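If you want the building blocks of each chain, they are given just below.
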Protein chains: 2
Amino acid sequence: MPENPLALEHQVCFALAIASRSVIALYRPILEPMGLTHPQYLVMLALWEFEPVSVKDLSGMLQLEPATLSPLLKRLESSGLLRRDRDARDERSLAVALTDKGRALRNEALKVPPAIVAGLGMDIDELMQLHERLTRVIAAAKNHSED
Amino acid sequence: MPENPLALEHQVCFALAIASRSVIALYRPILEPMGLTHPQYLVMLALWEFEPVSVKDLSGMLQLEPATLSPLLKRLESSGLLRRDRDARDERSLAVALTDKGRALRNEALKVPPAIVAGLGMDIDELMQLHERLTRVIAAAKNHSED
DNA sequence: CACTAATCGTTAGTGTACTAAACATTGCTA
DNA sequence: TAGCAATGTTTAGTACACTAACGATTAGTG
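About the criteria used
Residues numbered from 1 in each chain as written. Chains lettered and ligands numbered in written order. Predicted model: local features only at pLDDT ≥ 70, side-chain atom pairs only at ≥ 80, totals over all residues. Heavy atoms only, no water. UniProt positions renumbered as here; feature names shortened; annotations may be inferred. Near = heavy atom within 4 Å. Polar contact = N/O pair within 3.5 Å; in protein donor to acceptor, adjacent residues only side chain to side chain. Helix = DSSP H or I, 4+ residues; strand = E, 2+ residues; numbered from the N terminus. Nonpolar A, V, L, I, M, F, W, Y, C, P; charged D, E, K, R; others polar. Contact = heavy atoms within 4.5 Å. Buried area = accessible area lost by both parts, 1.4 Å probe. Salt bridge = Lys/Arg side-chain N within 4 Å of Asp/Glu carboxyl O. Expected span 1.5 Å × (residues − 1). Buried < 20%, exposed > 50% of the residue type's maximum accessible area, 1.4 Å probe, protein only.

In the annotation of an unreviewed UniProt entry, the entry for chain A reads MarR family transcriptional regulator, and the organism field reads Kribbella soli. What the UniProt record of chain A gives under Subcellular location (unreviewed entry) is the line "Cytoplasm".

(A) View of the protein's contact with DNA strand D. In the vicinity of DNA strand D, 26 residues are found, and the nearest of them are Lys74, Arg84 and Leu94 of chain A together with Thr37 and Gln40 of chain B. Of all DNA strand D atoms lying within 4 Å of any protein atom, the proportion belonging to sugar or phosphate reaches 80%. Take Ser93 of chain A: an N or O atom from its side chain is 3.4 Å from a phosphate oxygen of DNA strand D. A distance of 3.5 Å is found between a sugar or linking oxygen of DNA strand D and a side-chain nitrogen or oxygen belonging to Arg92 of chain B. Counting residues per element, the ones that place at least two in the surface near DNA strand D are helix H1 (12–31), helix H3 (55–62), helix H4 (66–78) and strand E2 (82–86) of chain A together with helix H2 (38–50) and helix H4 (66–78) of chain B. Residues belonging to the surface near DNA strand D are distributed by class as follows: 8 nonpolar, 6 polar and 12 charged.

(B) Expanded view of the interface of chain B and chain A. Listed as interface residues are 59 residues of chain B and, on the opposing side, 59 residues of chain A. Of all residues in chain B, Leu6, Leu8 and Arg133 of chain B bury the most surface against chain A, accounting for 13% of the area lost on that side. Linking chain B with chain A are 4 salt bridges. Residues Glu126 of chain A and Arg133 of chain B are paired through a salt bridge, measuring 3.8 Å at the closest nitrogen-oxygen approach. When grouped by side-chain class, the residues that make up the side of chain B that touches chain A number 38 nonpolar, 13 polar and 8 charged.

(C) Fine view of H1 of chain A. With 20 residues, H1 of chain A ought to run about 28 Å at 1.5 Å a step, and its terminal C-alpha atoms sit 28 Å apart, in line with that. Of all 20 residues in H1 of chain A, 14 are buried, a share of seventy percent or more.

Structural data, given as structure tokens:
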């Protein structure tokens, strides 16, 4: 163990924060021509896979507060990528669905993951191992945050 | 490889973003009684180790834009934890230094890392391996963002 | 020595991200 | 069936985080 437990270089939270920001920074120039920010891209990934979904379900999938999603979805709506309609059977709930333009954008998005992997220049193997370890931390953080 | 390259669950950037937010969320209730947010905590770590430092040096250490640090440092100053004085030899530069109150807070902070490790309930070994992999992604993202 | 270029920090503007509180709708129950 | 708790969404307020543009200081050059 290091002599200084508060050494910046040894903090996992510091490495996590910088890794997250650094990788998202790689996405920026690729997503920008598509008119998307990174959180908006994640929302679109969820919609391409599971559309239509409620705000509550999106909140669960993306681990984002509804209060964060609400303005984000409005921006995507005003970009013409999705529609926000009230669920007829439960007017409390909002059904978020893609427009044709939103569906069409998926073809552009197919180029994104290869571009990122090439930009990182890392082995797929190593990325998968990182993904596995991240999944484990996420689970650990979730389990113990309910005490 | 997965059949759907845009599957949300397989995106490393998604796991990174959630892991970062989840772990930071663990810090929140621990840092809140100390009057710190997580980014402010990282700044304090840097100061406890390297004080006094300029905004530019902090920006390099924490990989944050000066424009992000500027208001953050002002908040820490108004909390009475640090001082912001112009460097006498180069009036462009700002010397960020701790106050006695800021130095004293380090004793409180010593309790933070053990509390987090206990909260996560993970092996130190696994955390160190994660740290190593994160360091490698950070390096990869940095190297290839200069093209 | 004057003038230009580079450096450093701040401000302005957009977009997350959180907590807390407000609002509306639904469904249960007395 | 009238009222009330539960559910789902939005708003308000604070704090990052980024890009671009600005102002002040310093350094370099003809």
